[in-house]
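# Structural overview for review
Letter by letter, the chains look like this.
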Amino acid sequence: MKTFEIVYSPQEGPWGGLHVQAPPNIIPPRFTPAMNDFVLRYAELRSRPAFTTITTGAIATPSNASVSGIGSFYSRGGWWHTFTFKDGDANPFYELNNGPPQSWITIGGSAATSAGVPVSWAAFRGVLYWTDSLAHVSAWDGAAAAAITDIAFTGAVSPPIAGQTTFGSRFIGELANHLLLAYTVEQPVGGAATIYRQRIRWSNDGFEPYLSGVFGNNLGTAGATFDSTINVNAGVVDMLDAPDVITGMMMLGRVGYILRSNGITEVSPTGKGTAPFTFNHLWSSQQGIGNLYPFGTAQYGNMGVLISTEQIYKLEPYNINPIGGTARDAILTDLNTASGPVRACIVPMFSFGYIYPIYMLFINQTNTSSIIYIYSFEDNNWVKWTMPTQYVTGLPSMVYLGGNAGTGRGGSKYA
Amino acid sequence: MPESGGAFSIINSQLVLVPVYDTGTSPHSYLGTYGASQLGVPSFNDSAQGSSYSFRKEEVSPSRVPTVRRVIITYRDLGTVAITLTLSGTNDSGAVTTITSPSITLGNAAPTADILTKFIDLELTAFRPQLTINRAANAGPLSIVSVTLVGEVEDTTL
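Below: a short report on this structure. (Residues numbered from 1 in each chain as written. Chains lettered and ligands numbered in written order. Predicted model: local features only at pLDDT ≥ 70, side-chain atom pairs only at ≥ 80, totals over all residues. Heavy atoms only, no water.)

## Structural notes on the environment of A:S169
Residues and elements named next belong to chain A. As for its placement among the helices and strands, S169 is situated in strand β16 (residues 165-175). Separated by 95 residues in the primary sequence, S169 and I264 have C-alpha atoms spaced 18 Å apart. When neighbours within four sequence positions are excluded, S169 is seen to be in contact with T131, D132, S133, L134, L181, A182, Y183, T184 and V185. Among the polar contacts made by the side chain of S169, one reaches the main-chain carbonyl oxygen of F171 at a distance of 2.8 Å. (Helix = DSSP H or I, 4+ residues; strand = E, 2+ residues; numbered from the N terminus. Contact = heavy atoms within 4.5 Å. Polar contact = N/O pair within 3.5 Å; in protein donor to acceptor, adjacent residues only side chain to side chain.)

## Concerning the pattern of salt bridges
Residues and elements named next belong to chain A. Applying the stated criterion across every chain, the model contains 17 salt bridges over all chains. Between R201 and E186 there is a salt bridge; the shortest N-O distance is 2.8 Å. In this pair, R201 sits in strand β18 (residues 194-202) while E186 sits in strand β17 (residues 178-188), placing the two residues 15 residues apart along the sequence. Like R201, the residue E186 is buried in the burial classification. One continuous salt-bridge network, built from bridges that share partners, spans E186, R199, R201 and D238. (Salt bridge = Lys/Arg side-chain N within 4 Å of Asp/Glu carboxyl O. Buried < 20%, exposed > 50% of the residue type's maximum accessible area, 1.4 Å probe, protein only.)

## Focus on the sheet that holds strand β21 (residues 235-238) of chain A
All names here are of chain A. Overall, antiparallel pairing links the four strands, which are arranged β16-β17-β18-β21 in an open sheet. Every other strand in the sheet has two partners, leaving β16 and β21 as the edge strands with one partner each. When strand polarity is set aside, the average angle formed by the axes of neighbouring strands in this sheet is 35°. Of the strand pairs in this sheet, β16 and β17 are connected by 10 bridges, and their pairing is antiparallel. Pairing of F167 across the sheet is with E186, part of β17. (Pairing = 2+ DSSP bridges. Axes fitted to C-alpha atoms, helices over the stretch in contact; angles between N-to-C directions.)

## Section: the environment of A:S397
Mapped onto the secondary structure, A:S397 falls in strand β35 (residues 397-400). Taking the C-alpha atoms as reference points, A:S397 and A:I70, 327 residues apart in sequence, are found 6.3 Å from one another. Non-local contacts of A:S397, meaning those with residues more than four positions away in its chain, are made with A:I70, A:G71, A:W121, B:L15, B:V16 and B:L17.

## Here's the deal with the pairing of β17(A)
Residue and element names in this part refer to chain A. Of all the 11 residues making up β17, nine are buried; the element is thus mostly covered by neighbouring parts of the structure. Hairpin connection from β16 to β17: two residues lie between these consecutive antiparallel strands, with A176 at a positive phi of about 50°. For β17 and β18, the ladder comprises six bridges, and the chain directions are antiparallel. Of the residues in β18, the one forming a bridge with E186 is T194. Hairpin connection between β17 and β18: a loop of five residues separates the two successive antiparallel strands, and G190 in this loop has a positive phi of roughly 85°.

## With respect to the pairing of strand β11 (residues 127-135) of chain B
All names here are of chain B. The element β11 is extensively covered by neighbouring structure, given that seven of its nine residues are classed as buried. The pairing of strand β5 (residues 51-54) with β11 spans four bridges and is antiparallel. Considered in β11, the bridge of S51 is made with R135.

## So, the environment of A:I374
Tracing the sequence through the fold places A:I374 in strand β32 (residues 369-376). Apart from residues lying up to four places away in sequence, A:I374 is in contact with A:I358, A:Y359, A:M360, A:N381, A:W382, A:V383 and A:W385.

## A closer look at the interface of chain B and chain A
A common measure of how large an interface is: the accessible area buried when the components associate. At the interface, 72 residues of chain B touch 80 residues of chain A. A buried area of about 6900 Å², summed over both sides, lies between chain B and chain A, and 62% of it is on carbon and sulfur atoms. Run the count over chain B and chain A and you get two salt bridges. The salt bridge partner of A:E44 is B:R76, with a shortest N-O separation of 2.6 Å. Here chain B is connected to chain A by 34 residue pairs in polar contact (both at pLDDT 80 or more). Here the side of chain B that touches chain A gets 11 residues from one element, more than from any other, and that element is strand β12 (residues 143-153) of chain B. Its residues assigned to classes, the side of chain B that touches chain A shows 32 nonpolar, 28 polar and 12 charged. Note: strand β4 (residues 34-36) of chain A against β5(B), three bridges, orientation antiparallel. Note that in β5(B) the partner of A:A34 across the bridge is B:S54. (Buried area = accessible area lost by both parts, 1.4 Å probe. Nonpolar A, V, L, I, M, F, W, Y, C, P; charged D, E, K, R; others polar.)

Take a look at the structure:
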């Protein structure tokens, strides 16, 4: 007989994370064939941070309703505002009021939200814009008493009247000072809505809803329009030459990417008034790398993550790399059993004292529980967490919770 | 411009919030967070969910049956935590054999954050032994730096 000592220690680098792509007796020792609710940050096997559900106090959910979106934006008045959207509600938009005590207050005027669909939003020129796969885009500047719905429409009359068409979209973003809407939903006033799964609309350069200092006065004019008959700098394109549909959008600095189910289209600003963008399909084939999960994508600065049929990829300007690694099959298998839209986010930290740049993928299981896969960009490994009795209802986000007492609004002003 | 330690103070007022619906005994919507508070390090003791980690099945000596006799855990002291260790493997008859330790306490009530070592005697004779570490919900914060399996195995005969 001979003695042995087998040491498990990541002496040659970080722990490897989940490994299901080989039999469990031949994977390298720093990997695990099965794990749950551990975090591998800084080369330690640590039980994951406690998940605290906030049921009371300032940041409990507004009216105890399901939340389909949350975030913070910086308004043109110099304030940070934290907001949420209620799922499937006629009056869904809330702002975190400073108080004291802090509380959620309703900001009226928003279009209703769709049940079970995450809200897409973008902050542009100090105004928050949002849409929820219905034929409406709403906006709020952080100061007006109410939000404005239907900021995107054809024609010149605001609010739109018979003969005009309003539209919203599944995805909203900003590129080269234009607002872009992808996968649009369009509805003639008084008519039925139509979904355009290959359509992109964009506003004129410097979409400006203000006139004479009044929010909403400039809508439908040469200063704030999506109608190219009013301003040639606005426009629309249908990507009918691509054999698939739009499933996401990422604006990675100087170039944007429209994600399709089997491909990716690059959107490049041209600087030309009548044709401000060129759309180049990186590939347009019956099968190819694309994005299958519209809300499983996430972006952080000049990089994003998308989920294709066969792999998970990190997308950077002019560069795409697989990151599924040794956990790929486990992730794709669980995605195949997902109930409803998956949700994802990229966060640089959980809080100021815990820096941990990660991609988080939340997979709803039969509307009763969730599986979460975490990818660490620094360590290039995957871990698996679970929520046995909870599922995610909106896209997680890093939000601002500060504020100056007595200001009445959730923001804090930085002079 | 308000600052904190040279950084914009907004940075230390941010928190990742996760909108969830809880289907437990009192179904309800919540905003949840892994950050616990806007400043500082989160807690690593989840009160509702345990943790588990399995190492690879160890081919100590191909086609030979090893005996694991001791597990040595080197860990960071974040406070007291209760864990169990499970060794599993297979025998000549193709059956799975396991042994689970009683509850083991690591750490100090007043955490030192230092690296400590614990020796646990746990014996299993089986092909390809595999160690699994389990921490139950609310059992304390666990942080392992390294693990060592100690035992013996038959010499290979030529």
